Amino acid sequence: MGDIKKGLEGVVALDTSISFIDGLQGILKYRGIEVEHLAEMSYDAVSYLLINGILPDEQELTDYSSRLKNERFLHHNMADVLKICEFGIESLDLLRTAISCSAHFDTEKDIHSPEANINKAIRLVAKFPTMVAALERNRIGVEPIGPNNDLSHGANFLYMLTGRIPTDLEAEAIEKDFILSAEHELNPSTFSLRIAASTLSDLYSAIICGLCTLKGPLHGGARKGVMDMLDEVISPDNAENYIQDKISKKEKIMGFGHRVYKTYDPRAQVYKDIARRISLENGDTVWYDMAEKLEHIMYHEFIELRGKPIYPNVDFYSAVVYKYLDIPSELATSVFAIGRVSGWIAHCLEQYSDNRVIRPRANFV
Ligand SMILES: CC(C)(COP(=O)(O)OP(=O)(O)OC[C@H]1O[C@@H](n2cnc3c(N)ncnc32)[C@H](O)[C@@H]1OP(=O)(O)O)[C@@H](O)C(=O)NCCC(=O)NCCS
């Protein structure tokens, strides 16, 4: 067999019309539209775009948003399931279990028609935030709060999590977070669920594969890693020592580097701006200042060490935003998944629409 590309680096595995990345120029587009532009829209519009392939007109968006709102509520049996789940395990593991159980209450789970798949897609997008908020409230020993249908997808999530209507800027921050997290071509979780979909396994099963893969610290788990790092560094004055120590031990610094981007991740730019604005509204800029200092030190350290800089990835400033939104670090990967589910669904539907089972070969040694 030919040369093996470790980690499949640079290997093109399939055609997609869902997203495009230029890693050298720092460009990311969903369905042909730059992510910076999409970040100004609502998550409902972007989710519609990913799942249906085109942006909705006004009426289509109103109908889609209202279908999502109608599906925010959980099946009455899910309340009991979520309570049973409350035994001190990681949030992402809880979410995986909850999504798996919720599949059993979906009468269309094993119906594979395009119409049933869209119905399931809407249920998944709508119910992810309700489940994450309910699981977290159970975990901390307070009653879950039902959805508030006067609020947007993002604002409603924060409301269900905290019981407080978010400020306009907080609502904008979480909405942007969901949009920026929604899709990223053949990242590990998306690849894993396309493999599941290629066996013609059902949509729920594929999404659960995505969740399991997102969990790892080298993928979605890095966001929690950055939040924990900010807690450890405590003050911008400690940033230099922290980085030096990690580098001397040859440990990875979470939230930096990327397989595809060799320049600034365009999502990180948008996150950085919202992190700065929310830190100012909050009146305490320490988390933001610390992050900027870490970014500056990493940039220069890597030029010295490797002759080229390293840049923050999507997980770096998103973690700072989560700090200001009071999202606990244990919840970071699950919140990431709330945004990502639309992109995952789009990939499953694309795989189903022109399927051949994904089955590569291995070189026996
Ligand atoms: C994202 C990531 C997994 C990309 O991995 P990759 O394409 O396989 O790149 P590598 O891990 O091989 O990195 C190349 C070199 O840069 C170093 N490097 C890359 N990211 C680094 C980081 N965040 N901290 C310290 N060193 C890093 C590696 O140690 C490696 O050095 P080596 O050649 O001496 O072994 C990697 O950058 C990483 O682990 N980052 C931290 C975790 C993270 O933020 N993940 C979220 C991704 S969106």
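Residues numbered from 1 in each chain as written. Predicted model: local features only at pLDDT ≥ 70, side-chain atom pairs only at ≥ 80, totals over all residues. Heavy atoms only, no water.

A.B. asks: Outline the environment of Asp 202, listing residues and values.
C.D. replies: Within the secondary structure, Asp 202 sits in the loop between helix H9 (188–198) and helix H10 (203–214). As for Asp 202 and Leu 294, which are separated by 92 residues in sequence, their C-alpha atoms are 43 Å apart. Aside from chain neighbours lying at most four places away, what touches Asp 202 is Lys 109, Asp 110, His 112 and Tyr 352. (Helix = DSSP H or I, 4+ residues; strand = E, 2+ residues; numbered from the N terminus. Contact = heavy atoms within 4.5 Å.)

A.B. asks: How would you explain the environment of Lys 308 if you had to name every residue and give the values?
C.D. replies: Of note, Lys 308 is situated in the loop between helix H14 (286–306) and helix H15 (314–324). When its relative accessible area of 52% is taken as the criterion, Lys 308 is described as exposed. For the pair Lys 308 and Ile 327, spaced 19 residues apart in sequence, the C-alpha separation works out to 34 Å. Excluding its chain neighbours within four sequence positions, the residues that come into contact with Lys 308 are Phe 302 and Ile 303. (Buried < 20%, exposed > 50% of the residue type's maximum accessible area, 1.4 Å probe, protein only.)

A.B. asks: For the pattern of salt bridges, give the residues involved together with the corresponding values.
C.D. replies: Within the structure shown, the criterion is met by 25 salt bridges. Taking the shortest distance from any N to any O, the salt bridge between Glu 136 and Arg 139 comes out at 2.9 Å. Placement of both Glu 136 and Arg 139 in helix H6 (residues 114–139) is noted, with a separation of three residues, approximately one turn of the helix. Residue classification places Glu 136 among the buried residues on the basis of a relative accessible area of 6%. Taking relative accessible area as the criterion, Arg 139 reaches 35% and is therefore assigned partly exposed. (Salt bridge = Lys/Arg side-chain N within 4 Å of Asp/Glu carboxyl O.)

A.B. asks: An account of the side chain of Arg 72 is needed here, citing residue identities and associated values.
C.D. replies: Locating Arg 72 in the fold gives a position in the loop between helix H3 (58–70) and helix H4 (76–84). A distance of 3.5 Å separates a polar side-chain atom of Arg 72 from the backbone oxygen of Ser 152. Aside from chain neighbours lying at most four places away, what touches Arg 72 is Ala 126, Lys 127, Thr 130, Pro 147, Asn 148, Asn 149, Leu 151, Ser 152, His 153 and Asn 156. (Polar contact = N/O pair within 3.5 Å; in protein donor to acceptor, adjacent residues only side chain to side chain.)

A.B. asks: Quick one: what's the story with the site of the ligand, residue by residue and with numbers?
C.D. replies: Near the ligand there are 17 residues, and of these Ile 253, Gly 255, Phe 256, Arg 259 and Arg 306 occur at the shortest range. Here an oxygen atom of the ligand and a backbone polar atom of Gly 255 are 2.8 Å apart. Its free accessible area being 840 Å², the ligand has 66% of it covered by the protein chains. (Near = heavy atom within 4 Å. Areas by Shrake-Rupley, 256 points an atom, 1.4 Å probe, with all protein chains shown as cover.)

A.B. asks: Describe in detail the domain arrangement of the protein chain, supporting the description with residues and values.
C.D. replies: We note that the domain assignment places domain 1 (27–215 + 342–353) and domain 2 (222–324) within the protein chain. When each unit is reduced to the centre of its C-alpha atoms, the spacing between domain 1 and domain 2 is 27 Å. With 15 residues of domain 1 in contact, the opposing surface of domain 2 contributes 15 residues. Buried area between domain 1 and domain 2, both sides added, is near 1,400 Å², and the carbon and sulfur share of it is 65%. (Domains from an automatic or database assignment. Buried area = accessible area lost by both parts, 1.4 Å probe.)

A.B. asks: Describe the side chain of Asp 93, naming the residues involved and giving the relevant values.
C.D. replies: Secondary-structure assignment places Asp 93 in helix H5 (residues 91–103). The exposure class assigned to Asp 93 is buried, which follows from its relative accessible area of 14%. Only 3.0 Å separates the side chain of Asp 93 from the side chain of Lys 215, close enough to count as a polar contact.

A.B. asks: Just give me the short version of the environment of Lys 109, but keep the residues and values in it.
C.D. replies: Following the sequence through the fold, Lys 109 ends up in the loop between H5 and H6. What Lys 109 contacts, discounting residues up to four positions off in sequence, is Ala 103, His 104, Lys 120, Asp 202 and Tyr 204. Separated by 3.2 Å, the side chains of Lys 109 and Asp 110 make a polar contact.

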